[in-house]
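Here's the letter readout for the chains.
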Amino acid sequence: MKLKIYLVLAMLVATTWLLGACGPSPAAEPTKAAGATSAPPVAAPVKGGAVTIGLDSEPPTMDPHASPSAVTFYISASMGESLLYLTADRQLKPWLAESWEVTDGGKTYTFKLRKDAKFQDGTALDAKAIKWNFDRIADPKYKAGSALTYLQGYVSADAVDDYTVRVNFKAGNAPFLTYVASPVLMFVSPTATQAQGDKVNQAPVMSGPYKIDEWVSKQQITLSRWDGYTRKTPYSDHDGAGYLDKVIWKFIPEPGTRMATFESGETQVVATIPAQDLARLSASKDYTIASKAWVGLPRIWALNVTLPPTDDLKVRQAINYGVDKDAIVNSIYKGIGTKAYAPLTMAMLDDPALRAFYPYDVNKAKQLLDQAGWNTVGADGIRTKGGKRLEVVLNSIDSGAGPDQINVLVQGQLRLIGMDVKLKAQARAPWYEDNYRCATNGPILFLRDGDWNGLNAFFSSALVGSNFNFACIKDAEIDKALEQGRAESDPVKRKALYLELEKKLLDQALTVPLVDELSVWALRANVSGLKFNGFTYPMINDLSMKK
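Calculation notes
Residues numbered from 1 in each chain as written. Predicted model: local features only at pLDDT ≥ 70, side-chain atom pairs only at ≥ 80, totals over all residues. Heavy atoms only, no water. Pairing = 2+ DSSP bridges. Helix = DSSP H or I, 4+ residues; strand = E, 2+ residues; numbered from the N terminus. Disulfide = S-S within 2.5 Å. Buried < 20%, exposed > 50% of the residue type's maximum accessible area, 1.4 Å probe, protein only. Arc of directions from axis to C-beta. Contact = heavy atoms within 4.5 Å. Axes fitted to C-alpha atoms, helices over the stretch in contact; angles between N-to-C directions. Parallel < 35°, antiparallel > 145°, perpendicular 65-115°, else oblique. Left-handed = near helix turned anticlockwise from the far one by under 90°. Nonpolar A, V, L, I, M, F, W, Y, C, P; charged D, E, K, R; others polar. 1 Å grid on protein atoms, 1.4 Å probe; cavity = no way out; pocket = protein on both sides within 12 Å on 5 of 7 lines; lining within 4 Å. Points joined across faces, edges and corners; volume = space filled by probe spheres on them. Core = buried A, V, L, I, M, F, W, Y, C linked by side-chain atoms within 4.5 Å.

## A word on the sheet that holds strand β18 (residues 383-385)
Okay, step 1: What the three strands build is an open sheet, ordered β17-β18-β19; its pairing is antiparallel. Whereas interior strands pair on both sides, the edge strands pair on one side only; in this sheet they are β17 (376-377) and β19 (388-389).
Okay, step 2: In the sheet, β17 pairs with β18 via two bridges, with the strands oriented antiparallel. Of the residues in β18, the one forming a bridge with threonine 376 is threonine 384.

## Here's the deal with the state of the cysteines
Okay, step 1: Within this structure, the stated rule accounts for one disulfide.
Okay, step 2: For cysteine 438, the disulfide goes to cysteine 472, at an S-S distance of 2.0 Å. Residues cysteine 438 and cysteine 472 share a disulfide whose torsion about the S-S bond is about -110 degrees; that sign makes it left-handed. On the criterion of sequence distance, the pair formed by cysteine 438 in the loop between α14 (428-436) and β22 (444-447) and cysteine 472 in the loop between α15 (454-459) and α16 (476-487) is long-range, its members being 34 residues apart.

## Side note on helix α8 (residues 275-283)
Okay, step 1: Burial in α8 covers these residues: Ala275, Asp277, Leu278 and Leu281. For α8, the arc enclosing every buried residue in end-on projection is 140 degrees, short of the 170-degree limit, so these residues lie on one face. Along α8, exposed side chains directed more than 90 degrees from the buried face belong to Gln276 and Ala283.
Okay, step 2: At its buried positions, α8 is contacted by α7 (255-264), β14 (287-293), α10 (325-333) and β25 (518-524).

## A short note on the packing of helix α9 (residues 313-322) against helix α12 (residues 362-371)
Okay, step 1: At their nearest, the axes of α9 and α12 sit 8 Å apart, and the two run at 165 degrees to each other. By the angle between their directions, the pair α9 and α12 is classed as roughly antiparallel. Once α9 is placed against α12, the crossing between them reads as left-handed. On α12, the residues touching Lys314, Val315, Gln317, Ala318, Tyr321 and Gly322 of α9 are Val362, Lys364, Ala365, Leu368, Leu369 and Gln371.
Okay, step 2: Along the lines of polarity and charge, the residues of the contact of α9 with α12 split into seven nonpolar, three polar and two charged.

## Description of the layout of surface pockets
Okay, step 1: Approximately 800 Å³ is the volume attributed to the largest pocket.
Okay, step 2: Along the walls of the largest pocket sit 36 residues, with Pro59, Pro60, Arg428, Ala429 and Tyr432 positioned nearest its centre.
Okay, step 3: Going through the elements one at a time, α3 (127-138), α4 (146-150) and α14 are the ones with two or more residues in the lining of the largest pocket.
Okay, step 4: Here the lining of the largest pocket gets five residues from one element, more than from any other, and that element is α14.
Okay, step 5: Taken together, the residues of the lining of the largest pocket sort by class into 18 nonpolar, ten polar and eight charged.

## Overview of the nonpolar core
As a rule of thumb, soluble globular proteins bury nonpolar side chains together.
Okay, step 1: Judged by nonpolar contacts, the single largest core of 84 residues is most densely connected at Leu83, Phe111, Phe134, Trp249 and Trp521.
Okay, step 2: In this structure phenylalanine 134 touches Leu83, Leu151, Tyr154, Ala157, Val167, Phe176, Val180 and Phe187, once residues within four positions along its chain are discounted.
Okay, step 3: Within the second largest apolar cluster, 67 residues are counted, among which are Tyr333, Ala372, Ala481 and Val512.

## Some remarks on the sheet that holds β25
Okay, step 1: Taken in spatial order, the seven strands make up an open sheet running β10-β11-β12-β3-β13-β25-β14, and their pairing is mixed. Each of the sheet's edge strands pairs with one partner strand only, and the pair in question is β10 (210-216) and β14. Between one strand axis and the next, the sheet turns through 20 degrees on average, direction left out of account.
Okay, step 2: Along the sheet, α8 makes contact with β14 and β25, crossing β14 at roughly 125 degrees.

Put into C-alpha coordinates, the structure is as follows:
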(Lines give C-alpha, C1' and ligand atoms only; values in the text may rest on other atoms or scores of the structure.)
Protein backbone atom coordinates (compact mmCIF):
# COMPACT_ATOMS: atom_id res chain seq x y z
CA MET A 1 0.00 0.00 0.00
CA LYS A 2 1.37 3.38 -1.00
CA LEU A 3 1.80 5.83 1.85
CA LYS A 4 2.10 9.50 0.89
CA ILE A 5 5.06 11.32 2.27
CA TYR A 6 3.02 13.95 4.03
CA LEU A 7 1.55 11.37 6.39
CA VAL A 8 4.94 9.90 7.04
CA LEU A 9 6.37 13.35 7.66
CA ALA A 10 3.83 14.00 10.39
CA MET A 11 4.93 10.86 12.16
CA LEU A 12 8.60 11.62 11.75
CA VAL A 13 8.34 15.10 13.12
CA ALA A 14 6.81 13.61 16.23
CA THR A 15 9.43 10.95 16.63
CA THR A 16 12.74 12.12 15.21
CA TRP A 17 15.38 14.74 15.87
CA LEU A 18 18.73 15.09 14.24
CA LEU A 19 21.80 13.11 13.56
CA GLY A 20 25.50 13.57 13.38
CA ALA A 21 28.72 12.06 14.54
CA CYS A 22 31.11 11.95 17.45
CA GLY A 23 34.16 13.66 18.87
CA PRO A 24 35.19 16.16 21.52
CA SER A 25 32.83 19.02 22.27
CA PRO A 26 32.89 22.44 23.87
CA ALA A 27 32.39 23.50 27.42
CA ALA A 28 30.52 26.77 27.54
CA GLU A 29 27.35 28.23 28.94
CA PRO A 30 24.13 29.19 27.20
CA THR A 31 22.61 32.56 26.74
CA LYS A 32 19.20 30.93 27.06
CA ALA A 33 17.84 27.83 28.71
CA ALA A 34 18.99 24.48 27.41
CA GLY A 35 17.26 23.68 24.16
CA ALA A 36 16.87 27.31 23.14
CA THR A 37 18.32 28.77 19.97
CA SER A 38 19.59 32.30 19.81
CA ALA A 39 20.59 33.94 16.55
CA PRO A 40 22.83 36.96 16.16
CA PRO A 41 21.18 40.21 15.05
CA VAL A 42 20.48 40.37 11.35
CA ALA A 43 22.69 42.81 9.48
CA ALA A 44 22.44 43.74 5.83
CA PRO A 45 24.60 41.17 4.03
CA VAL A 46 27.75 42.35 2.32
CA LYS A 47 29.17 40.39 -0.60
CA GLY A 48 32.88 39.61 -0.66
CA GLY A 49 35.62 39.28 1.89
CA ALA A 50 36.81 36.40 4.02
CA VAL A 51 35.89 35.13 7.49
CA THR A 52 38.09 32.93 9.62
CA ILE A 53 36.41 30.49 12.01
CA GLY A 54 38.33 29.02 14.95
CA LEU A 55 37.69 25.33 15.68
CA ASP A 56 39.09 23.22 18.49
CA SER A 57 40.02 20.27 16.30
CA GLU A 58 40.80 19.09 12.80
CA PRO A 59 38.59 16.63 10.90
CA PRO A 60 40.03 13.16 10.23
CA THR A 61 38.78 13.32 6.63
CA MET A 62 36.55 15.53 4.52
CA ASP A 63 35.00 12.57 2.69
CA PRO A 64 31.47 12.76 4.15
CA HIS A 65 30.90 9.04 3.73
CA ALA A 66 34.11 8.01 5.49
CA SER A 67 34.02 10.39 8.43
CA PRO A 68 32.77 9.46 11.89
CA SER A 69 33.49 12.98 13.17
CA ALA A 70 31.15 15.94 13.69
CA VAL A 71 34.02 18.28 12.77
CA THR A 72 33.84 17.08 9.17
CA PHE A 73 30.20 18.10 8.96
CA TYR A 74 30.79 21.52 10.53
CA ILE A 75 32.68 22.24 7.32
CA SER A 76 31.04 20.07 4.69
CA ALA A 77 27.41 20.96 5.51
CA SER A 78 27.77 24.02 3.23
CA MET A 79 29.82 22.19 0.60
CA GLY A 80 27.22 19.64 -0.42
CA GLU A 81 23.53 18.97 -0.77
CA SER A 82 21.22 16.25 0.46
CA LEU A 83 17.94 14.87 -0.82
CA LEU A 84 15.99 16.67 1.91
CA TYR A 85 16.71 19.43 4.40
CA LEU A 86 15.93 19.33 8.13
CA THR A 87 15.21 22.79 9.50
CA ALA A 88 16.31 24.01 12.90
CA ASP A 89 12.84 23.15 14.23
CA ARG A 90 13.06 19.72 12.62
CA GLN A 91 10.77 20.14 9.64
CA LEU A 92 11.69 18.20 6.50
CA LYS A 93 11.91 20.34 3.35
CA PRO A 94 12.69 19.50 -0.30
CA TRP A 95 16.26 20.02 -1.50
CA LEU A 96 17.60 17.82 -4.28
CA ALA A 97 14.37 15.82 -4.07
CA GLU A 98 11.31 17.82 -5.11
CA SER A 99 8.93 15.10 -3.88
CA TRP A 100 9.09 11.61 -2.41
CA GLU A 101 6.97 8.59 -1.58
CA VAL A 102 7.22 5.73 0.89
CA THR A 103 5.82 2.33 -0.10
CA ASP A 104 5.94 -1.36 0.80
CA GLY A 105 5.68 -0.84 4.55
CA GLY A 106 8.57 1.59 4.67
CA LYS A 107 10.94 -0.67 2.72
CA THR A 108 10.95 1.45 -0.46
CA TYR A 109 11.59 5.18 -0.86
CA THR A 110 11.18 6.91 -4.23
CA PHE A 111 12.57 10.41 -4.79
CA LYS A 112 11.78 12.72 -7.71
CA LEU A 113 14.86 14.88 -8.29
CA ARG A 114 15.25 18.43 -9.49
CA LYS A 115 16.79 18.58 -12.97
CA ASP A 116 19.21 21.48 -12.65
CA ALA A 117 21.62 20.08 -10.05
CA LYS A 118 25.28 19.62 -10.94
CA PHE A 119 28.45 18.78 -9.09
CA GLN A 120 31.26 21.31 -8.88
CA ASP A 121 33.09 19.47 -11.70
CA GLY A 122 30.14 20.11 -14.00
CA THR A 123 28.78 16.55 -14.04
CA ALA A 124 25.10 15.85 -13.47
CA LEU A 125 23.71 15.11 -10.03
CA ASP A 126 21.08 12.68 -11.26
CA ALA A 127 19.56 9.35 -10.26
CA LYS A 128 22.64 7.41 -11.40
CA ALA A 129 24.90 9.60 -9.28
CA ILE A 130 22.76 9.06 -6.18
CA LYS A 131 22.68 5.31 -6.75
CA TRP A 132 26.47 5.35 -7.11
CA ASN A 133 26.86 7.21 -3.81
CA PHE A 134 24.60 4.86 -1.85
CA ASP A 135 26.29 1.80 -3.38
CA ARG A 136 29.67 3.27 -2.47
CA ILE A 137 28.69 3.65 1.19
CA ALA A 138 27.33 0.09 1.36
CA ASP A 139 30.30 -1.47 -0.45
CA PRO A 140 32.09 -3.74 2.09
CA LYS A 141 35.41 -2.85 0.43
CA TYR A 142 34.85 0.80 1.32
CA LYS A 143 35.38 1.74 4.99
CA ALA A 144 32.42 4.02 5.59
CA GLY A 145 31.98 6.12 8.72
CA SER A 146 28.66 7.28 10.12
CA ALA A 147 27.10 6.99 6.69
CA LEU A 148 27.04 3.20 6.87
CA THR A 149 24.90 3.21 10.00
CA TYR A 150 22.35 5.44 8.24
CA LEU A 151 21.95 2.89 5.46
CA GLN A 152 21.58 -0.17 7.67
CA GLY A 153 19.41 -2.73 5.89
CA TYR A 154 20.17 -1.19 2.50
CA VAL A 155 19.52 -3.58 -0.40
CA SER A 156 19.89 -1.47 -3.52
CA ALA A 157 19.09 1.76 -5.31
CA ASP A 158 17.51 1.90 -8.75
CA ALA A 159 17.78 4.73 -11.24
CA VAL A 160 14.17 4.46 -12.44
CA ASP A 161 14.84 7.21 -14.96
CA ASP A 162 17.30 10.10 -15.15
CA TYR A 163 15.64 11.99 -12.30
CA THR A 164 13.85 9.31 -10.29
CA VAL A 165 15.72 7.15 -7.80
CA ARG A 166 14.27 4.34 -5.72
CA VAL A 167 15.99 3.07 -2.54
CA ASN A 168 15.19 -0.41 -1.23
CA PHE A 169 15.65 -1.86 2.26
CA LYS A 170 15.31 -5.36 3.67
CA ALA A 171 12.76 -4.17 6.22
CA GLY A 172 10.83 -1.04 7.09
CA ASN A 173 13.19 1.83 7.82
CA ALA A 174 11.30 4.56 9.68
CA PRO A 175 14.21 7.00 10.22
CA PHE A 176 15.47 7.01 6.63
CA LEU A 177 13.81 10.28 5.57
CA THR A 178 15.49 12.10 8.44
CA TYR A 179 18.79 10.48 7.58
CA VAL A 180 18.70 11.60 3.92
CA ALA A 181 18.47 15.17 5.22
CA SER A 182 21.81 14.78 6.99
CA PRO A 183 25.17 16.17 5.81
CA VAL A 184 26.43 12.63 6.35
CA LEU A 185 24.45 11.52 3.29
CA MET A 186 25.41 14.43 1.03
CA PHE A 187 26.75 13.40 -2.35
CA VAL A 188 30.17 13.42 -3.99
CA SER A 189 30.81 13.46 -7.73
CA PRO A 190 31.23 9.88 -9.00
CA THR A 191 33.44 11.09 -11.86
CA ALA A 192 35.75 13.16 -9.67
CA THR A 193 35.86 10.66 -6.82
CA GLN A 194 36.89 7.76 -9.04
CA ALA A 195 39.64 9.90 -10.55
CA GLN A 196 40.85 11.25 -7.19
CA GLY A 197 41.52 8.02 -5.30
CA ASP A 198 42.59 8.84 -1.74
CA LYS A 199 42.57 12.56 -2.52
CA VAL A 200 38.81 12.50 -1.94
CA ASN A 201 39.69 12.59 1.77
CA GLN A 202 41.28 16.01 1.28
CA ALA A 203 39.03 17.66 -1.27
CA PRO A 204 35.76 15.91 -2.15
CA VAL A 205 33.92 17.38 -5.12
CA MET A 206 30.36 18.09 -4.04
CA SER A 207 27.49 20.26 -5.28
CA GLY A 208 26.95 22.96 -2.64
CA PRO A 209 27.65 26.70 -2.59
CA TYR A 210 31.21 26.34 -1.21
CA LYS A 211 34.14 24.16 -2.27
CA ILE A 212 37.53 23.26 -0.83
CA ASP A 213 40.50 25.25 -2.08
CA GLU A 214 43.18 23.93 0.24
CA TRP A 215 43.76 21.83 3.36
CA VAL A 216 46.96 22.63 5.23
CA SER A 217 47.43 19.84 7.76
CA LYS A 218 47.20 20.92 11.42
CA GLN A 219 46.48 24.50 10.34
CA GLN A 220 43.36 25.16 8.30
CA ILE A 221 40.92 24.31 5.54
CA THR A 222 40.05 27.09 3.10
CA LEU A 223 36.73 27.15 1.27
CA SER A 224 35.88 29.43 -1.61
CA ARG A 225 32.49 30.39 -2.99
CA TRP A 226 31.45 28.22 -5.94
CA ASP A 227 29.90 30.68 -8.37
CA GLY A 228 28.47 27.82 -10.39
CA TYR A 229 25.88 27.34 -7.66
CA THR A 230 22.74 29.07 -8.92
CA ARG A 231 20.04 27.40 -6.82
CA LYS A 232 18.58 28.66 -3.55
CA THR A 233 19.45 26.47 -0.63
CA PRO A 234 16.44 25.70 1.60
CA TYR A 235 18.08 27.53 4.51
CA SER A 236 19.32 30.60 2.68
CA ASP A 237 17.87 34.11 2.38
CA HIS A 238 19.16 34.52 -1.17
CA ASP A 239 19.67 32.68 -4.46
CA GLY A 240 23.03 31.27 -5.44
CA ALA A 241 26.35 30.83 -3.66
CA GLY A 242 27.48 32.47 -0.44
CA TYR A 243 28.20 36.12 0.24
CA LEU A 244 31.79 35.53 1.32
CA ASP A 245 34.62 34.95 -1.15
CA LYS A 246 36.38 32.65 1.30
CA VAL A 247 35.81 30.95 4.64
CA ILE A 248 38.87 29.69 6.52
CA TRP A 249 38.35 27.00 9.15
CA LYS A 250 41.36 27.32 11.42
CA PHE A 251 42.31 24.57 13.88
CA ILE A 252 43.28 25.99 17.28
CA PRO A 253 43.13 23.24 19.92
CA GLU A 254 44.32 25.28 22.91
CA PRO A 255 41.27 27.14 24.30
CA GLY A 256 43.16 30.23 25.52
CA THR A 257 44.89 30.67 22.19
CA ARG A 258 41.64 30.16 20.32
CA MET A 259 39.89 32.86 22.34
CA ALA A 260 42.86 35.21 22.01
CA THR A 261 42.64 34.98 18.22
CA PHE A 262 38.95 35.81 18.42
CA GLU A 263 39.25 38.81 20.73
CA SER A 264 42.19 40.17 18.75
CA GLY A 265 40.21 39.88 15.49
CA GLU A 266 42.47 37.26 13.91
CA THR A 267 39.41 35.00 13.81
CA GLN A 268 35.93 36.45 13.43
CA VAL A 269 33.87 33.44 14.51
CA VAL A 270 34.77 30.85 17.12
CA ALA A 271 33.27 27.61 18.37
CA THR A 272 33.88 25.57 21.52
CA ILE A 273 33.99 28.53 23.86
CA PRO A 274 35.45 27.96 27.35
CA ALA A 275 32.81 28.51 30.00
CA GLN A 276 34.91 31.08 31.85
CA ASP A 277 35.00 33.28 28.74
CA LEU A 278 31.39 33.17 27.67
CA ALA A 279 29.90 35.52 30.28
CA ARG A 280 32.45 38.19 29.30
CA LEU A 281 31.73 37.77 25.59
CA SER A 282 27.98 37.81 26.14
CA ALA A 283 28.21 41.11 28.03
CA SER A 284 30.18 42.85 25.29
CA LYS A 285 28.59 44.80 22.42
CA ASP A 286 31.55 43.74 20.30
CA TYR A 287 30.29 40.17 20.02
CA THR A 288 27.12 38.15 19.51
CA ILE A 289 26.43 34.64 20.74
CA ALA A 290 24.54 31.91 18.89
CA SER A 291 23.59 28.66 20.59
CA LYS A 292 21.61 25.56 19.81
CA ALA A 293 20.97 22.34 21.69
CA TRP A 294 22.74 19.26 20.48
CA VAL A 295 20.37 16.32 20.37
CA GLY A 296 20.97 12.65 19.87
CA LEU A 297 23.00 10.71 22.40
CA PRO A 298 24.47 12.74 25.26
CA ARG A 299 28.10 13.00 26.33
CA ILE A 300 28.46 9.42 27.44
CA TRP A 301 31.08 6.88 28.53
CA ALA A 302 30.79 3.62 26.57
CA LEU A 303 31.93 0.86 28.95
CA ASN A 304 33.72 -1.99 27.18
CA VAL A 305 32.03 -5.21 28.29
CA THR A 306 34.78 -7.43 26.87
CA LEU A 307 37.72 -6.20 28.95
CA PRO A 308 38.24 -6.56 32.74
CA PRO A 309 37.10 -5.09 35.03
CA THR A 310 34.23 -3.51 33.06
CA ASP A 311 33.20 -6.96 31.84
CA ASP A 312 31.64 -7.29 35.34
CA LEU A 313 28.11 -5.85 35.65
CA LYS A 314 28.64 -4.86 39.29
CA VAL A 315 31.75 -2.87 38.38
CA ARG A 316 29.87 -1.06 35.59
CA GLN A 317 27.03 -0.29 37.98
CA ALA A 318 29.50 0.94 40.59
CA ILE A 319 30.99 3.35 38.04
CA ASN A 320 27.51 4.68 37.29
CA TYR A 321 26.82 5.31 40.98
CA GLY A 322 30.31 6.74 41.51
CA VAL A 323 30.23 9.49 38.87
CA ASP A 324 28.87 12.81 40.16
CA LYS A 325 27.15 14.26 37.08
CA ASP A 326 25.97 17.38 38.88
CA ALA A 327 29.57 18.23 39.68
CA ILE A 328 30.52 17.81 36.01
CA VAL A 329 27.68 20.06 34.84
CA ASN A 330 28.37 22.70 37.46
CA SER A 331 32.15 22.80 37.28
CA ILE A 332 32.85 22.25 33.58
CA TYR A 333 29.67 23.08 31.71
CA LYS A 334 28.46 25.83 34.06
CA GLY A 335 24.87 25.49 32.97
CA ILE A 336 25.37 24.87 29.25
CA GLY A 337 24.07 21.36 29.69
CA THR A 338 21.95 19.26 31.96
CA LYS A 339 22.56 16.00 33.69
CA ALA A 340 22.01 13.05 31.36
CA TYR A 341 20.07 10.03 32.58
CA ALA A 342 19.94 7.58 29.69
CA PRO A 343 21.64 6.70 26.40
CA LEU A 344 19.22 9.04 24.60
CA THR A 345 19.02 12.67 25.66
CA MET A 346 15.98 13.80 27.62
CA ALA A 347 15.02 15.98 24.67
CA MET A 348 14.52 12.83 22.63
CA LEU A 349 13.00 10.48 25.16
CA ASP A 350 12.30 11.38 28.76
CA ASP A 351 10.49 9.29 31.34
CA PRO A 352 10.44 9.20 35.17
CA ALA A 353 11.53 5.57 35.07
CA LEU A 354 14.76 6.56 33.32
CA ARG A 355 15.52 9.32 35.82
CA ALA A 356 15.43 6.81 38.66
CA PHE A 357 18.55 4.95 37.51
CA TYR A 358 21.92 5.49 39.22
CA PRO A 359 21.69 8.56 41.46
CA TYR A 360 25.10 9.66 42.74
CA ASP A 361 25.77 7.32 45.68
CA VAL A 362 29.36 6.65 46.73
CA ASN A 363 28.35 4.14 49.40
CA LYS A 364 26.27 2.15 46.92
CA ALA A 365 29.20 2.15 44.50
CA LYS A 366 31.57 0.85 47.21
CA GLN A 367 29.05 -1.82 48.20
CA LEU A 368 28.85 -3.09 44.62
CA LEU A 369 32.64 -3.24 44.33
CA ASP A 370 32.78 -5.19 47.59
CA GLN A 371 30.27 -7.66 46.14
CA ALA A 372 32.39 -7.93 42.99
CA GLY A 373 35.36 -9.02 45.11
CA TRP A 374 37.26 -5.73 45.03
CA ASN A 375 37.06 -5.54 48.82
CA THR A 376 40.62 -4.86 49.90
CA VAL A 377 41.81 -1.26 49.91
CA GLY A 378 45.52 -0.60 49.53
CA ALA A 379 47.59 2.11 51.15
CA ASP A 380 47.08 4.28 48.06
CA GLY A 381 43.29 4.06 48.41
CA ILE A 382 42.90 1.76 45.40
CA ARG A 383 41.00 -1.50 45.79
CA THR A 384 42.54 -4.85 44.96
CA LYS A 385 41.31 -8.39 44.28
CA GLY A 386 43.72 -11.29 44.43
CA GLY A 387 46.58 -8.81 44.51
CA LYS A 388 45.41 -7.07 41.33
CA ARG A 389 44.63 -3.35 41.49
CA LEU A 390 41.24 -2.05 40.36
CA GLU A 391 42.25 -0.13 37.24
CA VAL A 392 40.36 0.97 34.14
CA VAL A 393 41.80 2.64 31.04
CA LEU A 394 39.72 5.56 29.77
CA ASN A 395 40.46 6.26 26.11
CA SER A 396 40.73 10.03 25.67
CA ILE A 397 41.24 12.29 22.66
CA ASP A 398 44.13 14.75 22.92
CA SER A 399 43.62 17.44 20.26
CA GLY A 400 46.74 19.26 21.36
CA ALA A 401 45.55 20.63 24.69
CA GLY A 402 45.52 17.40 26.70
CA PRO A 403 42.50 15.23 27.48
CA ASP A 404 39.08 16.82 27.83
CA GLN A 405 38.42 18.15 31.33
CA ILE A 406 35.52 15.77 31.79
CA ASN A 407 37.91 12.80 31.58
CA VAL A 408 40.09 14.28 34.28
CA LEU A 409 37.14 14.99 36.57
CA VAL A 410 35.75 11.46 36.18
CA GLN A 411 39.20 10.14 36.99
CA GLY A 412 39.21 12.06 40.27
CA GLN A 413 35.65 11.09 41.18
CA LEU A 414 36.18 7.36 40.75
CA ARG A 415 39.29 7.44 42.89
CA LEU A 416 36.91 8.16 45.80
CA ILE A 417 35.41 4.69 45.40
CA GLY A 418 38.83 3.06 45.13
CA MET A 419 39.20 2.86 41.35
CA ASP A 420 42.33 3.97 39.50
CA VAL A 421 41.37 5.48 36.14
CA LYS A 422 44.27 5.62 33.68
CA LEU A 423 43.79 8.24 30.98
CA LYS A 424 45.10 7.13 27.60
CA ALA A 425 45.31 10.57 25.97
CA GLN A 426 46.11 10.30 22.28
CA ALA A 427 45.41 11.74 18.84
CA ARG A 428 42.11 11.10 17.14
CA ALA A 429 43.29 8.40 14.71
CA PRO A 430 44.77 5.99 17.31
CA TRP A 431 41.82 6.84 19.60
CA TYR A 432 39.48 5.43 16.97
CA GLU A 433 41.69 2.41 16.35
CA ASP A 434 41.66 1.51 20.06
CA ASN A 435 37.89 1.82 20.08
CA TYR A 436 37.56 -0.41 17.03
CA ARG A 437 39.79 -3.03 18.69
CA CYS A 438 37.98 -2.79 22.06
CA ALA A 439 41.46 -2.21 23.48
CA THR A 440 40.54 0.00 26.46
CA ASN A 441 37.68 0.22 28.95
CA GLY A 442 36.01 2.63 26.57
CA PRO A 443 35.91 6.30 25.55
CA ILE A 444 33.77 9.25 26.53
CA LEU A 445 32.12 10.60 23.40
CA PHE A 446 28.82 11.79 22.01
CA LEU A 447 26.69 10.84 19.02
CA ARG A 448 24.55 13.27 17.08
CA ASP A 449 21.57 11.42 15.69
CA GLY A 450 18.20 12.57 14.52
CA ASP A 451 16.26 9.52 15.55
CA TRP A 452 15.83 7.06 18.40
CA ASN A 453 17.54 4.70 15.96
CA GLY A 454 20.77 6.36 17.04
CA LEU A 455 20.88 3.66 19.70
CA ASN A 456 21.56 1.22 16.89
CA ALA A 457 24.95 2.77 16.18
CA PHE A 458 25.93 2.40 19.81
CA PHE A 459 24.63 -1.09 20.57
CA SER A 460 24.19 -3.16 17.40
CA SER A 461 26.25 -6.35 17.40
CA ALA A 462 26.97 -5.81 13.71
CA LEU A 463 28.89 -2.63 14.51
CA VAL A 464 31.47 -4.00 16.93
CA GLY A 465 34.80 -3.18 15.35
CA SER A 466 33.40 -0.14 13.55
CA ASN A 467 31.45 2.99 14.44
CA PHE A 468 30.16 3.37 17.20
CA ASN A 469 29.58 0.27 19.30
CA PHE A 470 32.54 1.02 21.55
CA ALA A 471 30.90 -0.84 24.44
CA CYS A 472 31.63 -3.85 22.20
CA ILE A 473 28.32 -5.42 23.22
CA LYS A 474 26.90 -8.33 21.26
CA ASP A 475 23.43 -9.15 22.55
CA ALA A 476 20.72 -10.86 20.49
CA GLU A 477 17.86 -9.35 22.54
CA ILE A 478 19.20 -5.83 22.08
CA ASP A 479 19.63 -6.44 18.34
CA LYS A 480 16.03 -7.63 18.08
CA ALA A 481 14.73 -4.56 19.94
CA LEU A 482 16.76 -2.27 17.68
CA GLU A 483 15.35 -3.92 14.57
CA GLN A 484 11.79 -3.64 15.89
CA GLY A 485 12.23 0.03 16.67
CA ARG A 486 13.65 0.84 13.26
CA ALA A 487 10.85 -1.01 11.44
CA GLU A 488 7.92 0.31 13.48
CA SER A 489 6.13 3.23 11.80
CA ASP A 490 3.56 3.93 14.51
CA PRO A 491 5.07 6.68 16.70
CA VAL A 492 3.34 5.59 19.92
CA LYS A 493 4.42 1.99 19.52
CA ARG A 494 7.90 3.14 18.52
CA LYS A 495 8.30 5.24 21.64
CA ALA A 496 7.24 2.34 23.86
CA LEU A 497 9.78 0.06 22.19
CA TYR A 498 12.65 2.49 22.69
CA LEU A 499 11.66 3.22 26.28
CA GLU A 500 11.83 -0.46 27.13
CA LEU A 501 15.15 -0.73 25.31
CA GLU A 502 16.61 2.17 27.28
CA LYS A 503 15.64 0.49 30.55
CA LYS A 504 17.39 -2.69 29.43
CA LEU A 505 20.53 -0.78 28.45
CA LEU A 506 20.57 0.93 31.84
CA ASP A 507 19.99 -2.36 33.67
CA GLN A 508 23.13 -3.69 31.99
CA ALA A 509 25.04 -0.44 32.69
CA LEU A 510 26.61 -0.50 29.23
CA THR A 511 27.30 3.23 29.40
CA VAL A 512 27.57 6.12 31.83
CA PRO A 513 25.28 8.93 30.55
CA LEU A 514 26.90 12.21 31.58
CA VAL A 515 25.73 15.52 30.03
CA ASP A 516 23.25 16.80 27.43
CA GLU A 517 25.12 19.62 25.69
CA LEU A 518 24.65 22.87 23.75
CA SER A 519 26.63 24.09 20.75
CA VAL A 520 27.69 27.70 21.41
CA TRP A 521 29.38 30.03 18.89
CA ALA A 522 30.61 33.62 19.16
CA LEU A 523 30.74 36.12 16.27
CA ARG A 524 32.31 39.53 16.09
CA ALA A 525 29.63 42.22 15.83
CA ASN A 526 30.33 42.94 12.16
CA VAL A 527 29.68 39.30 11.21
CA SER A 528 26.15 37.95 10.78
CA GLY A 529 24.14 35.26 9.04
CA LEU A 530 25.33 32.11 10.81
CA LYS A 531 22.53 29.54 10.82
CA PHE A 532 22.11 25.99 12.10
CA ASN A 533 20.38 23.09 10.42
CA GLY A 534 18.27 20.57 12.30
CA PHE A 535 21.38 18.58 13.11
CA THR A 536 23.01 21.57 14.85
CA TYR A 537 25.64 21.94 12.14
CA PRO A 538 26.50 25.52 11.10
CA MET A 539 25.38 26.71 7.66
CA ILE A 540 27.51 29.51 6.20
CA ASN A 541 25.88 30.42 2.91
CA ASP A 542 24.31 33.54 4.48
CA LEU A 543 27.39 34.45 6.52
CA SER A 544 28.75 37.91 5.71
CA MET A 545 31.05 40.53 7.21
CA LYS A 546 30.91 44.29 7.15
CA LYS A 547 34.19 46.14 6.72
